[in-house]
Amino acid sequence: MSVSCQQISAFKSYSSWANDSAFQFLRPNSISTHNRIARWKTPSAAIIPNFHLPMRSSEVKNRTSTDDIKALRLITAIKTPYLPDGRFDLEAYDALVNMQIEDGADGVIVGGTTGEGQLMSWDEHIMLIGHTINCFGTSIKVIGNTGSNSTREAVHATEQGFAVGMHAALHINPYYGKTSLEGMVAHFQSVLPMGPTIIYNVPSRTGQDIPPLVIHTIAASPNFAGVKECVGHDRVKTYTDSKITVWSGNDDECHDSKWDYGATGVISVTSNLVPGLMRELLSSKNSVLSVKLLPLMNWLFCEPNPIGVNTALAQLGVVRPIFRLPYVPLPLAKRMEFVNIVKEIGRENFVGEKDVKVLDDDDFLLVGRY
């Protein structure tokens, strides 16, 4: 069948729903053309067929399998650094990614919460995913956060992300506005056909839990890689008992989730600072190291992420002390506390080579227009 015939067929299929009785407007018997009233007859389940052809490629070169993603242990939710005018500092970003590669991270999440995807335009977002793949795609797995509370946006961003070469997508459930469980399933099923996908459950941010019923339903997709789970150990065990791949979304729980509850690994904020130690935590059971890192982890999350990690990387001299609002640095007392934490763990275990500094309030630049 020719391309034109296929398009005509697709549009005929799309338009055929209009002839269904469930979609008819019922008019009274009056023959008046001036007082014609349309009444809506509610269908039991009327869904307009999706006549759009998927914008995806079946080319296998440089593609990543879902099993490849399932095997990743340490995935860093990478921070996005900025120049004084608020644009991306790609030199600092590249240095951060290289440090992750050198210290054994298996993958990076680009434009996640830690990377401040919520403060990016979609153009910036896709550009950073493409840049990361272009520079580091052969050395580390690149997982683009292309999720949205709008299914339309999630579909479009995911199409673009895979088109520029990302290895997998990270998707969150529709937040703020929320939806039903059936709506969650429909949302995820709209993006799963495009490539390997990790589902992210963080009710503290979205305001709505993704229950196991939803995960077990979408797990039938061959592109479902697993779940980044922030609810806790019991939920992790629920999935691992069902042979579903899970990454802990809580740094302070990741050691026990891995060794006592069967998690594959962690999608981590702390590994921005100490990737080597986080890798060690996942390589063998090490309760002593886990306890040693807890003060750092607690400090990082004393305010909403990514405030802590942004402040820490600036104090380490790895990124410029520049914040896109509404994020602001931790207060002076907390910055002094971080210096002591670094000394306790050992400066040699942290990224960068400069001495850790407290930094004055005036050292930070807050950018409101970017």
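Nothing here was measured: the structure is a model prediction, and the numbers come from that model.

### A few points about the overall build of the protein
Phase 1 of the analysis: For the protein, the count of helices and strands is 14 helices and 12 strands.
Phase 2 of the analysis: Here the protein holds 370 residues, and the buried ones make up 49% of them.
Phase 3 of the analysis: If you take every contact in the protein between residues at least 6 apart in sequence, the share linking residues at least 24 apart comes to 68%.
Phase 4 of the analysis: For the protein, the exposed surface amounts to about 18300 Å²; the carbon and sulfur share of it is 52%.

### Concerning the environment of serine 180
Phase 1 of the analysis: Within the secondary structure, serine 180 sits in the loop between strand E6 (168–172) and helix H6 (181–191).
Phase 2 of the analysis: Along the chain, serine 180 and glutamine 208 lie 28 residues apart, while their C-alpha atoms are 9.9 Å from each other.
Phase 3 of the analysis: A polar atom in the side chain of serine 180 sits 3.1 Å from the backbone nitrogen of glycine 183.

### Quick word on the nonpolar core
Phase 1 of the analysis: In this structure, Leu273, Met278, Leu293, Leu296, Leu316, Phe338 and Phe350 are the most contacted members of the largest nonpolar core, which totals 62 residues.
Phase 2 of the analysis: When contributions to this core are tallied by element, the ones reaching two or more residues are helix H3 (90–102), strand E4 (107–110), helix H4 (122–136), helix H11 (275–283), helix H12 (287–300), helix H13 (307–315), strand E11 (322–324) and helix H14 (332–345).
Phase 3 of the analysis: By residue number, the principal contributor to this core is H12, which donates 6 residues.
Phase 4 of the analysis: Apart from residues lying up to four places away in sequence, phenylalanine 338 is in contact with Leu273, Leu296, Trp299, Ala312, Gln315, Leu316, Phe350 and Val356.

### Remarks on the environment of proline 203
Phase 1 of the analysis: For proline 203, the position within the fold is in helix H7 (residues 203–206).
Phase 2 of the analysis: A sequence separation of 27 residues divides proline 203 from cysteine 230, and the C-alpha atoms of the two residues are 7.7 Å apart.
Phase 3 of the analysis: Sequence-distant contacts of proline 203, that is, excluding residues within four places in its chain, are made with Gln208, Asp209 and Val231.

### Here we look at the confidence of the model for the protein
Segments scoring low in pLDDT should not have their predicted coordinates read at a detailed level.
Phase 1 of the analysis: Confidence in the prediction for the protein averages 89 pLDDT; 84% of positions are at 70 or higher.
Phase 2 of the analysis: Contacts for the low-pLDDT stretch residues 2–36, under 50 throughout, to residues beyond four places or in other chains number 28 contacts.

### Some thoughts on the packing of H12 against H14
Phase 1 of the analysis: Where H12 meets H14, the axes come as close as 10 Å, and the angle between the chain directions of the two elements is 160°. Here H12 lies roughly antiparallel to H14, going by the angle between them. Pair H12 / H14 crosses with left-handed handedness. Contact residues: Lys292, Leu293, Pro295, Leu296 and Trp299 in H12; Lys334, Glu337, Phe338, Ile341, Glu344 and Ile345 in H14.

### Notes on the pairing of strand E7 (residues 197–201)
Phase 1 of the analysis: Counting buried residues along E7, 5 of its 5 residues qualify, which places the element largely inside the surrounding structure.
Phase 2 of the analysis: Of the two faces of E7, the one lined by Thr197, Ile199 and Asn201 and the one lined by Ile198 and Tyr200 are each fully buried.
Phase 3 of the analysis: Pairing geometry for E6 and E7, over 4 bridges, is parallel. Across the sheet, residue leucine 170 finds its bridge partner in E7, namely isoleucine 198.
Phase 4 of the analysis: On the question of chirality, the crossover connecting E6 to the parallel E7 by way of H6 is right-handed.
Phase 5 of the analysis: Here 5 bridges tie E7 to strand E8 (residues 224–229), and the two strands are oriented parallel to one another. Across the sheet, tyrosine 200 pairs through a bridge with lysine 228, a residue of E8.

Conventions we followed
- Residues numbered from 1 in each chain as written.
- Predicted model: local features only at pLDDT ≥ 70, side-chain atom pairs only at ≥ 80, totals over all residues.
- Heavy atoms only, no water.
- Helix = DSSP H or I, 4+ residues; strand = E, 2+ residues; numbered from the N terminus.
- Buried < 20%, exposed > 50% of the residue type's maximum accessible area, 1.4 Å probe, protein only.
- Contact = heavy atoms within 4.5 Å.
- Areas by Shrake-Rupley, 256 points an atom, 1.4 Å probe, with all protein chains shown as cover.
- Polar contact = N/O pair within 3.5 Å; in protein donor to acceptor, adjacent residues only side chain to side chain.
- Core = buried A, V, L, I, M, F, W, Y, C linked by side-chain atoms within 4.5 Å.
- pLDDT = per-residue confidence, 0-100.
- Axes fitted to C-alpha atoms, helices over the stretch in contact; angles between N-to-C directions.
- Parallel < 35°, antiparallel > 145°, perpendicular 65-115°, else oblique.
- Left-handed = near helix turned anticlockwise from the far one by under 90°.
- Pairing = 2+ DSSP bridges.
- Right-handed = clockwise from strand over helix to strand, strands pointing away.

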